[in-house]
Amino acid sequence: MLILGIESSCDDTSVALLNSSKQGHIILFEKTASQIEIHKKYGGVVPEIAGRMHAEKIVPLIEAALEEQPKPDAIAVTAGPGLITGLLVGVEAARALSYALDIPLVRTNHIEGHIYSPLISNDQFLISNKPQNLKSKTTTPHSLLPTPHIQFPALCLIISGGHTELILMKNHGKYKLLGATKDDAAGECFDKTAKLIGLPYPGGPQISKLAETGNPNAINFPRPMLKEENYLFSFAGLKTSALYWLRDNPPLVIPTMKEESLSNFPTHPHPAQAGNTDRDPSSLRLARDDKQRVTINDFCASFEQAIVDVLVAKTIKATIEYKPKTIILAGGVSANKKLRLTLEENIKKLLPTPHLLLPSLKYCMDNGAMIAAAGYYHALKKDFTAWKKIQADPNWELAI
Ligand code: KG4
Ligand code: ZN
């Protein structure tokens, strides 16, 4: 089945054409117009600018996708969640195309797209009974790997700039939300903290790069919600702890830190008052005694470690409770090497070993291919929406 996927929910306009079947997804065309360079100037995504940029790019991308290709059997378009300014552009383009070419429409959820992203890669890391070393530069060629597929029940950890969700997937289209973030998403926490130390948007990959040569034990950042008996997350407090740490350890730590990042620091609180933390305040104080030796790399590594610890611990807890046959890690933050490795190591310790599906780095970020892949499973069931009725919903929740 030929599926055209359209994604425009944030800062990437992305269109892909897939030849999808139960055996897998073959990419016939894919192209993404990234807006990162534009939004970088503002330190984050500006919705109005995003909408205008999507409107500029979407038609040429769709034209390129359909050039010299047979008519798609279905159009899958992201209808939510995301920025309304971007979603409207994708949905309206899909509506027009559906009407003009008489192609059925699949209203696709962005989070569901991320869930299917490991199935579309051509160089993905697949960990099953044959463990692979992600550190190694040589990976098994795709042709030697079994076709990735989801065995149910599957446990999905979806982590991006807007979402941190643990979802139990009982079958295609059947989702139960185990827990989500109460405040900031993991990617948002990476981005906001990166901004504090003068790194450009999006800061997640930059923190992760600097962290590679840092000491993850240099600063005892809190592990929010780690000990709570639920699957909820909270990252706003961790970001605030990072902010206080920087305030209390000024120029020693981050030589490149921008003055303006520090000018809005609250004057009173202790890091331990910065939201929901499980960490004893004295441990932060102890770490600060060692401040002379803490570098920007140590700061990034310690911060990254705190996020990874929480994400992995909650995923392992859910694995023990729900005994999934497949674990899926997806969304922008799933590109984080430390997270991928730590989760892999921890899952391997569990018996019986479920298999872990990770998207290739290329498909961790927003892309039209994952929307087409998710749309395929709806198209199979003829789960279509009439062009007259399709609507964007910026708050569309996949699982409740
Ligand atoms: O899924 P995505 O492309 O867009 C959303 O739907 O939000 O995710 C983008 C997020 C950003 O917050 C970015 O900083 C984060 O993914 N990210 C990373 C890494 N690569 C991207 N965070 C941590 N480590 C990375 N290597
Ligand atoms: Zn996303």
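Attention here is on the structure that accompanies the text. The shown structure was predicted, so the numbers you read here are calculated from the model rather than taken from an experiment.

The rules behind the values
- Residues numbered from 1 in each chain as written.
- Chains lettered and ligands numbered in written order.
- Predicted model: local features only at pLDDT ≥ 70, side-chain atom pairs only at ≥ 80, totals over all residues.
- Heavy atoms only, no water.
- Helix = DSSP H or I, 4+ residues; strand = E, 2+ residues; numbered from the N terminus.
- Buried < 20%, exposed > 50% of the residue type's maximum accessible area, 1.4 Å probe, protein only.
- Donors = N, O, S within 2.8 Å, 3.2 Å for Na, K, Ca; no water.
- Salt bridge = Lys/Arg side-chain N within 4 Å of Asp/Glu carboxyl O.
- Near = heavy atom within 4 Å.
- Polar contact = N/O pair within 3.5 Å; in protein donor to acceptor, adjacent residues only side chain to side chain.
- Areas by Shrake-Rupley, 256 points an atom, 1.4 Å probe, with all protein chains shown as cover.
- Arc of directions from axis to C-beta.
- Contact = heavy atoms within 4.5 Å.
- Pairing = 2+ DSSP bridges.
- Phe/Tyr/Trp six-rings, centres within 6.5 Å; stacked < 30°, edge-to-face > 60°.
- Lys NZ or Arg CZ within 6 Å of the ring centre and 35° of its normal.
- Axes fitted to C-alpha atoms, helices over the stretch in contact; angles between N-to-C directions.
- Parallel < 35°, antiparallel > 145°, perpendicular 65-115°, else oblique.
- Left-handed = near helix turned anticlockwise from the far one by under 90°.
- Nonpolar A, V, L, I, M, F, W, Y, C, P; charged D, E, K, R; others polar.

**Describing unusual backbone geometry**
Now for step 1: The peptide bond linking F152 to P153 adopts the cis configuration, its omega dihedral lying at 0°.
Now for step 2: Checked against the element boundaries, P153 lands in the loop between β6 (126–127) and β7 (154–159).
Now for step 3: Note the cis peptide between Y201 and P202, where omega equals -10°.
Now for step 4: Mapped onto the secondary structure, P202 falls in the loop between α5 (186–196) and α6 (203–211).
Now for step 5: The backbone phi angle of E68 is positive, close to 55°, even though this residue is not glycine.
Now for step 6: A relative accessible area of 77% places E68 in the exposed class.
Now for step 7: Phi angles above zero are rare outside glycine, and M225 is one such case at about 65°.
Now for step 8: Positionally, M225 belongs in the loop between α6 and α7 (236–248).

**Quick notes on the coordination of the zinc ion (ligand 2)**
Now for step 1: The zinc ion (ligand 2) binds to the protein through H110 (NE2), H114 (NE2) and D366 (OD); the donor distances cover 2.1 Å.
Now for step 2: Between consecutive donor residues of the zinc ion (ligand 2), the sequence gaps follow H-x3-H-x251-D. Here H110 pairs with H114, and both are found in helix α4 (residues 110–116), just four residues apart, close to one helical turn.
Now for step 3: Relative accessible area serves as the criterion here: at 5%, H110 is assigned to the buried category.
Now for step 4: By relative accessible area, which is 0% here, H114 ends up buried.

**Re the pattern of salt bridges**
Pairing between side chains becomes possible if they bear opposite charge and their charged atoms approach one another.
Now for step 1: All told, the structure shown has twelve salt bridges when counted by the stated rule.
Now for step 2: For K192, the salt bridge goes to E188, with nearest N and O atoms at 3.1 Å. Of the two residues, K192 and E188 are both situated in helix α5; the distance of four residues between them amounts to about one turn of the helix.
Now for step 3: In this structure K192 comes out as partly exposed when scored by relative accessible area, which is 32%.
Now for step 4: With a relative accessible area of 24%, E188 lands in the partly exposed category.
Now for step 5: The residue R247 makes a salt bridge to D248 at a minimum N-O spacing of 2.9 Å.
Now for step 6: The exposure class assigned to D248 is partly exposed, which follows from its relative accessible area of 27%.

**A closer look at the site of ligand 1**
Now for step 1: The local shell around ligand 1 holds 19 residues, among which G161, D191, G332, N336 and M365 are the closest.
Now for step 2: The side chain of D191 places a nitrogen or oxygen atom 2.6 Å from an oxygen atom of ligand 1.
Now for step 3: Burial of ligand 1 by the protein amounts to 91% of the accessible area it has alone, namely 550 Å².
Now for step 4: Elements supplying a minimum of two residues to the shell around ligand 1: α4, α5 and α6.

**Comments concerning α6**
Now for step 1: Those residues of α6 that fall on the buried side of the exposure criterion are G203, G204, I207, S208 and A211. One face of α6 carries all of its buried residues, which in axial projection span an arc of 135°.
Now for step 2: On its buried face, α6 is in contact with α5 and α11 (296–322).

**Concerning the pairing of strand β10 (residues 326–330)**
Now for step 1: For β10, the buried fraction is high: five of the five residues fall into the buried class.
Now for step 2: Residues T326, I328 and A330 line one face of β10 and the alternating positions I327 and L329 line the opposite face, and both faces are buried.
Now for step 3: Of the pairings in the sheet, the one linking β10 to strand β11 (residues 355–357) comprises three bridges and is parallel in character. When the sheet's bridge partners are listed, I328 is paired in β11 with L357.

**Section: the packing of aromatic side chains**
Now for step 1: Tallying each qualifying case throughout the model produces nine aromatic pairs.
Now for step 2: Taking the centre distance of 5.6 Å and the plane angle of 85° together, the rings of F190 and F303 count as edge-to-face. One end of the pair, F190, is in helix α5; the other, F303, is in helix α11, with 113 residues separating them in the sequence.
Now for step 3: Judged by its relative accessible area of 0%, F303 falls in the buried class.
Now for step 4: Put simply, the rings of F190, F221, W245, F299 and F303 touch in pairs and so form one group of aromatic residues.
Now for step 5: Above the ring of Y231, the side-chain terminus of K317 is found at 5.1 Å from the ring centroid.

**Some thoughts on the packing of helix α2 (residues 47–66) against helix α3 (residues 84–101)**
Now for step 1: Across the interface, α2 lies against α3 with an axial gap of 8 Å and an inter-helix angle of 30°. In terms of orientation, α2 lies roughly parallel with respect to α3. For the crossing formed where α2 meets α3, the hand is right-handed. Along its contact with α2, which presents P47, E48, G51, H54, A55, I58, I62 and L66, the element α3 presents T85, G86, V89, G90, A93, L97 and L101.
Now for step 2: A class-by-class count of the residues in the contact of α2 with α3 yields nine nonpolar, five polar and one charged.

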